[in-house]
Amino acid sequence: MTIASSSVARTAPSVRRRPPLLALNPLAKIAAPLPAMAIVLLSRDLATPAAFLALACALVLAGARLTRRVVLLLGVALPVMVLAVGAGFSIWTDAASVAGTPVVAEIGGWRLHAGALAVGFATSLRLAALLALALIGGATTEGPDLVRAAIRTLRLPYRIGYAALAAYRFAPRFRHELELIRAAHRVRGHHGGRGPLAAVRRGFGTIVPLLAGAIRHAERVALAMDARAFGAHPTRTERHVVLWRTRDTVFVLAFWACTALLIALIRPFG
């Protein structure tokens with residue numbers, strides 16, 4: 001009996017724990033970064049967006065499911081965006097407004113001042129910080145859970161919530177049908193060739209079948225909603241109820257406290 005129980009214990013699959021952010025209410029992950037996003041949007045220094053960018057990236061890496069898309073976005077796309085946007089805004093900054101700062105580089109009659117670099121990279125860091133703060137909820141929230149949370153907590157009418165969700169789900173459906181239409185055109189040899197004119201012909205050739213597929217899909221969705229008596233009653237029961245729990249309140253208050261602490265340490269508004 002001991003041998004059998006030990007073998008069962010060894011062969012039993014390990015239970016994977018959900019990442020912390022996935023267990024939170026979607027509304028909590030939206031409400032928590034809102035003050036930080038407002039402060040980052042109004043700041044003009046380098047330290048404030050850099051601090052909130054580091055905080056958001058650390059929170060996403062520690063509490064979200066690290067897919068390839070999230071890792072590439074945080075590890076590659078954000079740094080490249082900061083460098084590219086910072087360099088671009090530094091070049092476009094009016095040299096007369098930063099003429100009193102030291103010259104960093106000079107090519108012929110053109111000069112790059114340190115103040116221009118500060119303005120350019122402050123702008124790029126603000127954009128990156130806003131994107132990273134939005135990823136706290138965006139990378140860890142599914143559309144149906146957000147709709148259920150809004151209906152349950154914010155008392156959003158379910159007719160509006162699920163209608164918006166159905167419209168949102170049209171996008172991946174269109175993408176799939178567009179791939180099928182292009183594959184069918186390639187098999188039949190339609191709109192071949194290279195160059196911009198061939199690309200335009202291929203694009204126009206997919207409009208009519210894509211619209212026809214969209215109309216058919218909309219009719220099927222409408223029939224399915226009518227068959228389930230959608231909109232016939234003021235409320236509907238949910239298979240998965242998304243509640244606002246104590247941990248959601250703790251997360252929001254803790255994030256607001258971190259925001260206040262960073263503001264007190266950095267003092268971006270003097």
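Residues numbered from 1 in each chain as written. Predicted model: local features only at pLDDT ≥ 70, side-chain atom pairs only at ≥ 80, totals over all residues. Heavy atoms only, no water.

Any chance you could explain the packing of aromatic side chains here in plain terms?
The geometry of an aromatic ring pair is captured by two quantities: the separation of the ring centres and the angle between the planes. By the definition in use, this model includes 3 aromatic pairs. Residues phenylalanine 89 and tryptophan 92 carry aromatic rings whose centres are separated by 5.8 Å and whose planes lie at 70 degrees to one another, so their mutual orientation is edge-to-face. Here phenylalanine 89 and its partner tryptophan 92 are both found in helix H5 (residues 68–92), 3 residues apart, which amounts to about one turn of the helix. You can call phenylalanine 89 partly exposed: its relative accessible area is 33%. Aromatic pair phenylalanine 170 and phenylalanine 174: ring centres 5.6 Å apart, planes at 90 degrees, arrangement edge-to-face. With phenylalanine 170 and phenylalanine 174 both in helix H9 (residues 170–188) and 4 residues apart, this pair spans about one turn of that helix. The exposure class of phenylalanine 170 is buried, given its relative accessible area of 17%. For phenylalanine 174, a relative accessible area of 28% corresponds to the partly exposed category. (Phe/Tyr/Trp six-rings, centres within 6.5 Å; stacked < 30°, edge-to-face > 60°. Helix = DSSP H or I, 4+ residues; strand = E, 2+ residues; numbered from the N terminus. Buried < 20%, exposed > 50% of the residue type's maximum accessible area, 1.4 Å probe, protein only.)

Before we go on, may I ask you to explain the confidence of the model for the protein chain in this structure?
A low pLDDT means the predicted coordinates there should not be read in detail. Of the residues in the protein chain, 91% reach a pLDDT of 70 or more, and the chain-wide mean stands at 84. Mean pLDDT in the protein chain bottoms out at helix H1 (residues 2–11), which sits at 46, and peaks at helix H11 (residues 246–266), which reaches 95. In this model residues 1–15 is a low-confidence stretch, pLDDT under 50, and it forms 0 contacts with partners more than four residues away in sequence or in other chains. (pLDDT = per-residue confidence, 0-100. Contact = heavy atoms within 4.5 Å.)

Sorry, what's going on with the nonpolar core here?
Across soluble globular proteins, nonpolar side chains have a tendency to be buried as a group. With 27 residues, the main nonpolar core has Leu53, Leu133 and Phe251 as its most contacted residues. Of all the elements in the fold, those that place two or more residues in this core are helix H3 (34–42), helix H4 (47–63), H5, helix H6 (114–138) and H11. For this core, the element with the highest residue contribution is H6, accounting for 7 residues. When neighbours within four sequence positions are excluded, phenylalanine 251 is seen to be in contact with Leu21, Leu24, Ala28, Lys29, Ala32, Leu59 and Ile136. Counting residues in each nonpolar core, the second largest holds 5 residues, with Val147, Ile151, Tyr158 and Leu165 among its members. (Core = buried A, V, L, I, M, F, W, Y, C linked by side-chain atoms within 4.5 Å.)

Even after reading the chapter, I still don't get unusual backbone geometry, so can you show me in this structure?
Glycine aside, negative phi is the norm for most residues, and most peptide bonds take the trans geometry. The phi angle at arginine 155 is positive, at roughly 60 degrees, despite the residue not being glycine. Tracing the backbone through its elements, the reader meets arginine 155 in the loop between helix H7 (143–153) and helix H8 (158–168). By relative accessible area, which is 62% here, arginine 155 ends up exposed. The phi torsion at arginine 267 lies on the positive side, around 55 degrees, for a residue other than glycine. Within the secondary structure, arginine 267 sits in the segment after H11.

How do you make sense of H5 when you look at a structure like this?
For the α-helix, the turn length of 3.6 residues means that residues three or four positions removed from each other point alike. Helix length check: H5, at 25 residues, gives a terminal C-alpha distance of 34 Å against a target of 36 Å (1.5 Å per residue), a fit within 8%. For H5, the principal kink sits at alanine 77 and spans about 35 degrees; a proline, proline 79, occurs within the next four residues. Along H5, the residues classified as buried are Val70, Leu74, Leu78, Val82, Gly86, Gly88 and Ser90. The inward-facing, buried residues of H5 contact H4, strand E2 (110–113) and H6. (Expected span 1.5 Å × (residues − 1). Bend = angle between axes of the 7 residues up to and from the residue.)

Sorry if this is basic, but what is going on with a nonpolar patch on the surface here?
Taken together, the side chains of Phe89, Ile91, Trp92, Ile107, Trp110 and Leu127 present a nonpolar region at the surface, about 670 Å² in accessible area. For the nonpolar patch, the element with the most residues is H5, which contributes 3 residues. By secondary structure assignment, the location of tryptophan 110 is in strand E2. Overall, the relative accessible area of 35% leaves tryptophan 110 in the partly exposed class. (Patch = residues over 30% accessible without salt bridge, like charges linked within 9 Å, V, L, I, M, F, W, Y side chains within 5 Å. Areas by Shrake-Rupley, 256 points an atom, 1.4 Å probe, with all protein chains shown as cover. Salt bridge = Lys/Arg side-chain N within 4 Å of Asp/Glu carboxyl O.)

What is the right way to look at the environment of arginine 65 in this model?
With respect to the element layout, arginine 65 can be found in the loop between H4 and H5. Here arginine 65 falls in the partly exposed class, since its relative accessible area comes to 42%. Along the sequence, arginine 65 and alanine 139 sit 74 residues apart, while their C-alpha atoms lie 8.3 Å from each other. Leave out the neighbours within four places in its chain, and arginine 65 touches Pro19, Leu22 and Val70.

Would you mind showing me how to read the packing of H4 against H6 here?
The geometry of a pair of packed helices is captured by two quantities: the angle between their axes and the separation between those axes. In the contact formed by H4 and H6, the axes pass within 8 Å of each other and the chain directions differ by 30 degrees. Classified by the angle between their axes, H4 and H6 sit roughly parallel to one another. Considering the relative orientation of H4 and H6, their crossing is left-handed. In this structure, H4 uses Pro49, Ala50, Phe52, Leu53, Ala56, Cys57, Leu59 and Val60 to contact H6, whose residues at the interface are Ala122, Leu125, Arg126, Ala128, Ala129, Ala132, Leu133, Leu135 and Ile136. Looking at the contact of H4 with H6, its residues break down into 16 nonpolar, no polar and 1 charged. (Axes fitted to C-alpha atoms, helices over the stretch in contact; angles between N-to-C directions. Parallel < 35°, antiparallel > 145°, perpendicular 65-115°, else oblique. Left-handed = near helix turned anticlockwise from the far one by under 90°. Nonpolar A, V, L, I, M, F, W, Y, C, P; charged D, E, K, R; others polar.)

Before we go on, may I ask you to explain the side chain of threonine 206 in this structure?
Relative to the helices and strands, threonine 206 resides in helix H10 (residues 196–227). Classification of threonine 206 as buried rests on a relative accessible area of 8%. Non-local contacts of threonine 206, meaning those with residues more than four positions away in its chain, are made with Leu178, Ile181, Arg182 and His185.

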